[in-house]
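# A closer look at the structure
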Amino acid sequence: MVGSPWMASVSVLMSGLERPVHENFCRAQQLSGFNFPSTPIGWFAYSEEVCPTGTSGAGKSEASTRCSTINGSPSFEPKVQRLQCDQTLSDIQQNLTSPADLESLASSTQILTSQPEELTAENVTTAAQIVDRLLRSPNATESVRVAAVATVSQLLSAADVSQENNSTLGLTETLDELSVNLTLGLNTTQSQVVQPNLVVQSAQIPAADTQGVQFTSLSGTSGSFVADRIELNTNTSTVVVENGFVADALIYVRFPAEAAGVRQKPPNVSLGFVLYQNDRFFRSRRYRRQRATTRVLSATLGGQDHSLVPDHVEIMFRPTMLNGTSLYNFACVFWNYDVSDWSTDGCSKGNASDGLLRCFCNHTTNFAALWTYREKYDYAEALDWISIVGLSLSIVCLVVTIGHHIKENFRINSKEETNNMNSKIARLCIYVSLLAFIVTFLSGVQNSSRQNDAPVGVDDANTILDSDERVEPDRGSCTAVAALLHFFLLATFMWNSVYSTQMAILAEKDKELPPHWSIISHTVGWGLPAVVMATTLGATYRLDSPLGYRQEEFCWLAALDKNKQFNFGKPMFWAFLLPVALILIYNIIMVFLATCKTDGDQNSTNPSSLRMMFINSLILSMLLGVSWTLGYLVLASEGTAHLVFSIIFCLCTTTQGLQIFILFTAKTLFFQASMSRPVRYISAVKMHLNKRFYSLTKVFRKRTHSESYGDLNDQQESLF
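Residues numbered from 1 in each chain as written. Predicted model: local features only at pLDDT ≥ 70, side-chain atom pairs only at ≥ 80, totals over all residues. Heavy atoms only, no water.

Our next topic: the packing of helix α9 (residues 477–506) against helix α10 (residues 517–540). Viewed as axis vectors pointing N to C, α9 and α10 meet at an angle of 150°, and their least axial separation amounts to 8 Å. Compared by their axis directions, α9 and α10 come out roughly antiparallel. Helix-helix and strand crossings are classified by hand; for α9 and α10 the assignment is right-handed. (Axes fitted to C-alpha atoms, helices over the stretch in contact; angles between N-to-C directions. Helix = DSSP H or I, 4+ residues; strand = E, 2+ residues; numbered from the N terminus. Parallel < 35°, antiparallel > 145°, perpendicular 65-115°, else oblique. Left-handed = near helix turned anticlockwise from the far one by under 90°.)

Set out below in structure tokens:
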């Protein structure tokens, strides 16, 4: 079924604004044994009854009728058009030679295309060819033309396929001719056919007194074209939009005032307009449309007075912005049938400050505003104090841990066995790579080269755009940070797997590490992460499109699609999460094997050293593995659970350096002894103070009354 007629009609009524509310749809009704749903005026309704299974038309409605205004009130037309369920589009194309059956063939074509999402490229081509012949037929009646226009409207909802380009493009020229001839044979000066995706408007204009003509499509909430939202003003000197309403598309054709004197007895001028919901019939090789919807509006001038040429054509389009995007730029173009593509010749662009794209041209044809949007990114805010404190503590603790590890295990006079030395080198590499990751993360994860939020530049040249999506050229710094973070974090996990592998090998009785193990371990620990990082960068990064590799909000691997959903085709999954998951599984297997071998062999050459390696490997695997397992839970959860896992994940990852310090440094006897020596030295320091005591007792002499004071030290008296 086409669209949602009931929802569309309700939304139009709800968007009535200042206009008097009136019923502009036909209520659900049963006609000729068929049930038809509520439908807006001018649209076709399709029966709820469908062709049975086993027929070529299985699943399609058996009948259709149109909602029209009869005696001032909306009502379904009493004549119901029925579909022969075994009839196909190819059958209809072969039977177009008989003029008596044109109405039946037109309605059958319309019903067969009423589910456009199921149409193939071949179906679209055949239907377009049928409609073109119907509209060009001299025997076509008004009902045939209306059914044909309804079919074109449905074809505009078909999937994007390129094979129908020639047939559908030719159909646009036929519609232009129809727009100026639609009133011929009718006792009226204006006529219009309004379908959900297509509007054809025709008018006979008195050439003697018209200043300009304005065709307007007003905004509604349904997104589809509805008859009471289409307006035609046949005599206006300037662009006018009724107060309280918003125009989605508008074209104003002004005629030169100095030609009024020659328009005294002219015939009426035929002026036709065609408004397309999208540009699927206009396939451009220069402009790549991916997500944007571009409406096309044509104006065609007919009649016998060829001297009446408009001197000003103004077009306005209101782009339908995608969620999370903003307008970046636009170009005013028309379709050049000679080159089968858009052209800017004779057109210029105005401002777009109020959301309307204004274009000015000096001729009439099919116009469009090709526009480019850019994503509105929610850039990561400054790291909160919890993250800063946790990461800063991790940096300090890792620096202390590395210094202590080197001092304890790599002394010049140290006579360590080769196996133990290799294990200590592996642990040192884990600490160094994790420290490098945290320092890089803290200093560069926030994107310092954010996209410019400057408004649309009106003074830019009116040149055809390459695509509907604007991506700022990469400035390099954020991509470099993302690559370094990717490398260092993979290296941390890879060195952990090297450590686990070494432990599993040494768990066997009298087992030695393979020759050149040091070279092998460094190749695996540093080389493989570098290869993965370089391969990911080469496969997904482009200078003019860096977001295939990284994110824009912060400097890390790309993970989400355009709809902000996790995409398994992005490098975040296959270049990081998948390798890390495999490494964690591998580490679990190695720890399990080492456990079995250790339990089965209590007579190892160095059981205490092996037991310590096993404990260290287990702790490192759990410390790194649990933290990033929580990362998987963050991706898989929603709501409150997502918030809880996010907080725990943040706390675990930002304090990994602190955890390593506590588990591998602070608890060691060597570190405790190193820290206790300066404490004991401070407590053992004695402060020698020289003291002198004086006696203030008066010494009385018999013969004199003079006073004197004596030094107690001189008297060899001491209190100590």
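We now examine the sheet that holds strand β9 (residues 190–195). Read across the open sheet, the 7 strands follow the order β9-β10-β14-β15-β21-β17-β18; overall the sheet is antiparallel. The strands lining the two open edges of the sheet, one partner per strand, are β9 and β18 (341–343). For this sheet the average axis-to-axis angle between neighbouring strands, irrespective of direction, equals 25°. Examined bridge by bridge, strand β17 (residues 325–336) and strand β21 (residues 366–375) share 9 bridges and lie antiparallel to one another. Paired with Leu 327 across the two strands is Tyr 373, which belongs to β21. Where helix α5 (residues 142–155) meets the sheet, it contacts β9 and β10 (198–205), and its direction lies at approximately 40° from that of β9. (Pairing = 2+ DSSP bridges. Contact = heavy atoms within 4.5 Å.)

What we call a disulfide is simply a covalent bond connecting the sulfur atoms of a pair of cysteines. Across all of its chains, the model carries 5 disulfides by this definition. Two residues, Cys 332 and Cys 359, share a disulfide whose sulfurs are 2.0 Å apart. Taking the torsion about the S-S bond as the criterion, the Cys 332 to Cys 359 disulfide, at about -80°, is left-handed. Of this pair, Cys 332 sits in strand β17 while Cys 359 sits in strand β20 (residues 357–361); the two residues are 27 residues apart in sequence, bridging distant segments of the chain. The class of Cys 359 is buried, set by a relative accessible area of 3%. Paired through a disulfide, Cys 347 and Cys 361 show a sulfur-sulfur distance of 2.0 Å. (Disulfide = S-S within 2.5 Å. Buried < 20%, exposed > 50% of the residue type's maximum accessible area, 1.4 Å probe, protein only.)

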